[in-house]
Amino acid sequence: MKYALLVYSDQSDWDGISVEEAAERRAESMPRWITLFEEMGKADPDAGGRELVAAAEAKVVRVVDGETIITDGPFAETKEQIGGLFLTTLPDLDEAIRIASLVPAAEYGSMEVRPIVER
Amino acid sequence: MTPSLEATFRAEWPRAVGILTRVLGDLSLAEDAVQDAFATALERWPRDGVPRSPGAWIVATARNGAIDRIRREKTFARKAELLARLEDVPADEHADLSSIPDERLALLFTCCHPALAVEARIALTLREVAGLQTPEIARAFLVTEPALAQRLVRAKRRLRETGIPFRVPPDHLLPDRVPDVLRVLYLVFNEGYAATAGESLVRRDLCAEAIRLAKLLCVLMPDEPEAFGLLALLLLQDARREARVGDDGELVLLGDQDRRLWDGASIDEGLRVLRRAESLRRPGPYQLQAAIAAGHAEGAAPHVIAATYAALEQIDPSPIVRLNRAVAVALAGDVEEGLALIEGIEGLDGYSYLPAARADLLRRLERHSEAAASYREALALTDNAPERRFLERRLRDVGG
């Protein structure tokens, strides 16, 4: 099965912190990212992932009565925003949940496991 | 359908559905094939007699039906693969089914997967593992047939679309998943146990179904002490069913129950099963609950029951368990201590048994005006008629 693993976190946590502090936070979570990439690589060598620019930088596009309306993001005023995603092919939901639980954001934010429709 | 034919159907259903699901990789396809085979059986068996090995007959017929059905299918991605896999299923109506892996445990774990809503787990388990028909389940759960059918369709779609695996979970997941299965069986039992005498028999039969499923689980997981613990608990509770409610529909508390109404055979079986569980030397919450039920059945000393509750609280410190322990401590003689334990419980707001229990302890301590206030608090929280009559009587006793 193909799964999208969506990474949610409160991006305001990163507002107004110094460059040094941000680097420190990244370094702290590094071992967990390494474990994740090892495990994901073993489960699906073709797995891919991307980090997204902060949701506040997003543009929301709607076409209403033929007119394109562009507003500033984020798309939804929720506390947690999508910050990245993985696309991976895994044997089943149990394995997808195991991999998702290894993503550091599962601890400070949340992960959404979404099976991809295959036709 | 005659009762014996119905019993055969229920017994053979999960075995056939399990085998076909393993081969086809899809519960809905498997269920359709087995359903067709049962329909054929219903036509032929009353006329030609029940085959020597009904299970093998059902599997062979379901296999042939599935092959025909898939051949007719024009657009089916995995047609050739599925047909090849079906060829491996014995077509012999007298085959020895024990030579094929028993997939009933995989079926049970799949139906109880935590990614399904609890209601969906219960409905699926009763349909696929207990082999009950949709109308029977709908009547037992007091929902309409279309609503229940819809629930089953959604659950099966979710199994397919989210990739819920059809298997017995690997060892590292088992400690998490076994309790999920036990809980579904316990909930089925409780639905039946809550049913009153006036309600339909199929609803009360849920207790018997839960016991049947727990027995099956014990056969399939002979080294899992909690499976035996659950079975023992269900048997011991079921044994007291007739004594729980008085002639006028009044709730009868354990201490006041007429022991002659207890089912002795069921108690003996429960005690035997509990000993089997305890011999495996890995205690768990169901075994401890069964030990408490066994203590009541055997007339154990109140302090022994209080001690067992203390052990249960160690593993399961939920507010309900803490409340039960508080009451047990009070019954063992230390009413003040029981009352103090009740005052320390949080997270049971709106639960009528908490003020009711507090009221009862206050009454024993002859603190009547406080007891009356607690009885009133409990009355404000329950609509259950027998329960209300009981509380009102006690309220009058303390002069409220």
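What you see is a predicted model; the values in this text were computed from it and never measured.

**What about the overall build of chain B?**
Then comes step 1: If you tally the helices and strands in chain B, you get 19 helices and zero strands.
Then comes step 2: Projected onto its principal axes, the C-alpha positions of chain B cover 80 × 40 × 40 Å.
Then comes step 3: For chain B, buried positions account for 41% of its 400 residues.
Then comes step 4: The contacts in chain B between residues at least 6 apart in sequence include a share of 61% that link residues at least 24 apart.

**A short note on the overall build of chain A**
Then comes step 1: Counting its regular elements, chain A contains three helices and six strands.
Then comes step 2: For the C-alpha atoms alone, the extent of chain A along its principal axes is close to 45 × 45 × 20 Å.
Then comes step 3: Burial statistics for chain A: of 119 residues in total, 14% are counted as buried.
Then comes step 4: Partitioning the contacts of chain A with sequence separation of at least 6, the portion at a separation of at least 24 is 76%.

**Notes on unusual backbone geometry**
Then comes step 1: A positive phi angle, near 50 degrees, is found at Asp65 of chain A, a position not held by glycine.
Then comes step 2: Position of Asp65 of chain A among the secondary structure elements: in the loop between β3 (59–64) and β4 (67–72).
Then comes step 3: Judged by the 5 C-beta atoms lying within 10 Å of it, Asp65 of chain A is exposed.
Then comes step 4: The backbone of Glu366 of chain B sits at a positive phi, close to 60 degrees, despite the residue not being glycine.
Then comes step 5: When you line up the elements, Glu366 of chain B lands in the loop between α17 (353–364) and α18 (368–379).
Then comes step 6: By the C-beta count within 10 Å, which is 8 here, Glu366 of chain B ends up exposed.

**Section: the nonpolar core**
All names here are of chain B.
Then comes step 1: By size, the foremost hydrophobic cluster in this structure holds 124 residues, and its most contacted members are Leu20, Val34 and Leu185.
Then comes step 2: The dominant element in this core, judged by the number of residues it contributes, is helix α11 (residues 225–239), at 10 residues.
Then comes step 3: Setting aside residues no more than four positions away along its own chain, Val34 makes contact with Trp13, Ala16, Val17, Leu20, Ile58 and Ala62.

**A closer look at the interface of chain B and chain A**
Then comes step 1: Tallying the contact residues gives seven residues for chain B and six residues for chain A.
Then comes step 2: Tallied by class, the residues present in the side of chain B that touches chain A amount to four nonpolar, two polar and one charged.

**Focus on helix α10 (residues 201–220) of chain B**
All names here are of chain B.
Then comes step 1: Over its 20 residues, α10 extends 28 Å from the first C-alpha to the last, a length consistent with the 28 Å expected when each residue adds 1.5 Å.
Then comes step 2: Helix geometry: α10 is bent most strongly at Cys207, by close to 30 degrees.
Then comes step 3: Those residues of α10 not exposed but buried are Leu206, Cys207, Glu209, Ala210, Ile211, Leu213, Ala214, Leu216 and Leu217.
Then comes step 4: Residues of α10 that are buried sit in contact with α5 (104–111), α6 (118–129), α7 (134–140), α9 (174–194) and α11.

**A short note on the environment of Gln81 of chain A**
Then comes step 1: Positionally, Gln81 of chain A belongs in strand β5 (residues 81–89).
Then comes step 2: For Gln81 of chain A, the residues in contact, after removing those within four places along its chain, are Tyr8, Gln11, Ala55 and Pro74 of chain A.

**What about the environment of Gly49 of chain B?**
Then comes step 1: Turning to its location among the elements, Gly49 of chain B is positioned in the loop between α2 (27–48) and α3 (54–72).
Then comes step 2: Taking the C-alpha atoms as reference points, Gly49 of chain B and Gly344 of chain B, 295 residues apart in sequence, are found 65 Å from one another.

**Brief notes about the packing of helix α15 (residues 319–331) of chain B against α17 of chain B**
All names here are of chain B.
Then comes step 1: Close contact between α15 and α17 brings their axes to 11 Å; oriented N to C, the two are set at 15 degrees. The angle between α15 and α17 falls in the class roughly parallel. Note that α15 runs across α17; the crossing there is left-handed. Packed against α15, whose contacting residues are Leu323, Ala326, Val327 and Ala330, the element α17 presents Tyr353, Leu354, Ala357 and Leu361 at the interface.

**Notes on the packing of helix α1 (residues 3–24) of chain B against α5 of chain B**
All names here are of chain B.
Then comes step 1: Two numbers describe how α1 lies on α5: the axes approach to 8 Å, and their chain directions differ by 85 degrees. Here α1 is positioned roughly perpendicular relative to α5, judged by the angle of their axes. Contacts between α1 and α5 pair Pro14, Arg15, Val17, Gly18 and Thr21 from the former with Arg104, Ala106 and Leu107 from the latter.
Then comes step 2: Its residues placed into classes, the contact of α1 with α5 shows four nonpolar, two polar and two charged.

**A short note on helix α19 (residues 385–397) of chain B**
Residue and element names in this part refer to chain B.
Then comes step 1: Relative to the 18 Å expected for 13 residues at 1.5 Å per residue, α19 spans 19 Å between its end C-alpha atoms, a close match to the ideal helical length.
Then comes step 2: Within α19, the full set of buried residues consists of Leu391, Arg394 and Leu395. All buried residues of α19 fall inside an arc of 105 degrees around its axis, so they share one side. Facing away from the buried side of α19 by over 90 degrees, the exposed positions are Ala385, Arg393 and Arg396.
Then comes step 3: Taken together, the buried residues of α19 touch α17 and α18.

**A few points about the environment of Arg177 of chain B**
All names here are of chain B.
Then comes step 1: Secondary-structure assignment places Arg177 in helix α9.
Then comes step 2: A sequence separation of 121 residues divides Arg177 from Glu298, and the C-alpha atoms of the two residues are 32 Å apart.
Then comes step 3: With residues near it in sequence (within four places) discarded, Arg177 still touches Phe109 and Pro169.

About the thresholds
- Residues numbered from 1 in each chain as written.
- Chains lettered and ligands numbered in written order.
- Predicted model: local features only at pLDDT ≥ 70, side-chain atom pairs only at ≥ 80, totals over all residues.
- Helix = DSSP H or I, 4+ residues; strand = E, 2+ residues; numbered from the N terminus.
- Buried ≥ 20, exposed ≤ 12 C-beta atoms within 10 Å, placed from the backbone.
- Contact = placed C-beta atoms within 7 Å.
- Core = buried A, V, L, I, M, F, W, Y, C linked by C-beta atoms within 7 Å.
- Nonpolar A, V, L, I, M, F, W, Y, C, P; charged D, E, K, R; others polar.
- Expected span 1.5 Å × (residues − 1).
- Bend = angle between axes of the 7 residues up to and from the residue.
- Axes fitted to C-alpha atoms, helices over the stretch in contact; angles between N-to-C directions.
- Parallel < 35°, antiparallel > 145°, perpendicular 65-115°, else oblique.
- Left-handed = near helix turned anticlockwise from the far one by under 90°.
- Arc of directions from axis to C-beta.

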